[in-house]
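Now for the letters of each chain:
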Amino acid sequence: QVQLVESGGGLVQPGGSLRLSCAASGLIWSIYSWAWYRQAPGQQRELLAYITSGGNANYASAGKGRFTISRDNANNTLYLQMNSLKPEDTAVYLCNAEEYTNSRFSGKEYWGKGTLVTVSS
């Protein structure tokens, strides 16, 4: 059974930092591309960053500059370091795993339930 469990969210003041984690189990870590998304109340889910099975990190415009995606292959854990947080970063942050076979998306993907980040003074 595949499980993605996010943690590390909470209340932080503007300008602060948080590191989110996504612990994965029940899948073959190395054949997945991993991503962080967020969804604010009443808004669509948006991509922040993703890291390929080969380890290449890529950032969408929403995640560029202040966010850093990384992973720990030994512990099947994905991270998102977030710095200089702003009130508009308040959202539920979710991790996503997409399975790739022969460098192609197989159509199989998984989502965690998310962790809430609130940026407020």
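Residues numbered from 1 in each chain as written. Predicted model: local features only at pLDDT ≥ 70, side-chain atom pairs only at ≥ 80, totals over all residues. Heavy atoms only, no water.

### Quick look at the overall build of the protein
For step 1, the next point in the chain: When you go through the protein residue by residue, the secondary structure sums to zero helices and 11 strands.
For step 2, the next point in the chain: Going residue by residue from the N terminus, the α and β elements of the protein occur as β-β-β-β-β-β-β-β-β-β-β.
For step 3, the next point in the chain: Taking 121 residues into account, the globule formula puts the C-alpha radius of gyration at 14 Å, and the protein, at 14 Å, falls close to it.
For step 4, the next point in the chain: For the protein, the C-alpha atoms occupy an extent of roughly 45 × 30 × 25 Å along the three principal directions.
For step 5, the next point in the chain: Excluding contacts between residues fewer than 6 apart, the proportion of contacts in the protein whose partners are at least 24 apart in sequence is 53%.
For step 6, the next point in the chain: In the structure as shown, the protein presents an accessible area of about 6,500 Å², 44% of it carried by carbon and sulfur atoms.
For step 7, the next point in the chain: On the protein, the mean spot of the 10 positive side-chain charges and the mean spot of the 8 negative ones are 2 Å from each other. (Helix = DSSP H or I, 4+ residues; strand = E, 2+ residues; numbered from the N terminus. Rg over C-alpha atoms; globule rule 2.2 N^0.38 Å. Contact = heavy atoms within 4.5 Å. Areas by Shrake-Rupley, 256 points an atom, 1.4 Å probe, with all protein chains shown as cover. Lys, Arg positive; Asp, Glu negative; His and termini not counted. Charge placed at Lys NZ, Arg CZ, Asp CG, Glu CD.)

### Structural notes on the environment of Asn 76
For step 1, the next point in the chain: Mapped onto the fold, Asn 76 is located in the loop between strand 7 (67–72) and strand 8 (77–82).
For step 2, the next point in the chain: Residues Asn 76 and Ile 28 lie 48 residues apart in sequence; the distance between their C-alpha atoms is 9.1 Å.
For step 3, the next point in the chain: The contact partners of Asn 76, leaving out residues within four places of it in the chain, are Cys 22, Ala 23, Ala 24 and Trp 29.

### Examining the nonpolar core
Most often, soluble globular proteins keep nonpolar side chains buried together rather than apart.
For step 1, the next point in the chain: The biggest cluster of nonpolar side chains holds 28 residues, and the ones touching the most others in it are Leu 4, Trp 34, Trp 36, Leu 78, Leu 80, Met 82 and Tyr 93.
For step 2, the next point in the chain: Only strand 3 (18–25), strand 4 (32–39), strand 5 (46–51), strand 7, strand 8, strand 9 (91–101) and strand 11 (115–119) provide two or more residues apiece to this core.
For step 3, the next point in the chain: Setting aside residues no more than four positions away along its own chain, Leu 78 makes contact with Leu 20, Ser 21, Cys 22, Trp 29, Trp 34, Ala 35, Trp 36, Ile 51, Ile 69, Ser 70, Arg 71 and Cys 95. (Core = buried A, V, L, I, M, F, W, Y, C linked by side-chain atoms within 4.5 Å. Buried < 20%, exposed > 50% of the residue type's maximum accessible area, 1.4 Å probe, protein only.)

### Observations regarding the environment of Ser 70
For step 1, the next point in the chain: Note on placement: Ser 70 falls in strand 7.
For step 2, the next point in the chain: Taking the relative accessible area as the measure of exposure, Ser 70 reaches 31% and is therefore partly exposed.
For step 3, the next point in the chain: Residues Ser 70 and Ser 30, spaced 40 residues apart in sequence, show a C-alpha to C-alpha distance of 14 Å.
For step 4, the next point in the chain: Ser 70 has contacts with Ile 51, Thr 77, Leu 78 and Tyr 79, leaving out every residue within four places of it along the chain.

### Overview of the state of the cysteines
For step 1, the next point in the chain: Under the defined criterion, the tally for this structure stands at one disulfide.
For step 2, the next point in the chain: A sulfur-sulfur separation of 2.0 Å characterises the disulfide bridge that pairs Cys 22 with Cys 95. On the S-S bond that ties Cys 22 to Cys 95, the torsion sits near 45°, and the link is right-handed. Taken together, the residues Cys 22 in strand 3 and Cys 95 in strand 9 connect sequence positions 73 residues apart.
For step 3, the next point in the chain: For Cys 22, a relative accessible area of 0% corresponds to the buried category. (Disulfide = S-S within 2.5 Å.)

Bear in mind that shape data such as this cannot, by itself, settle questions of function.
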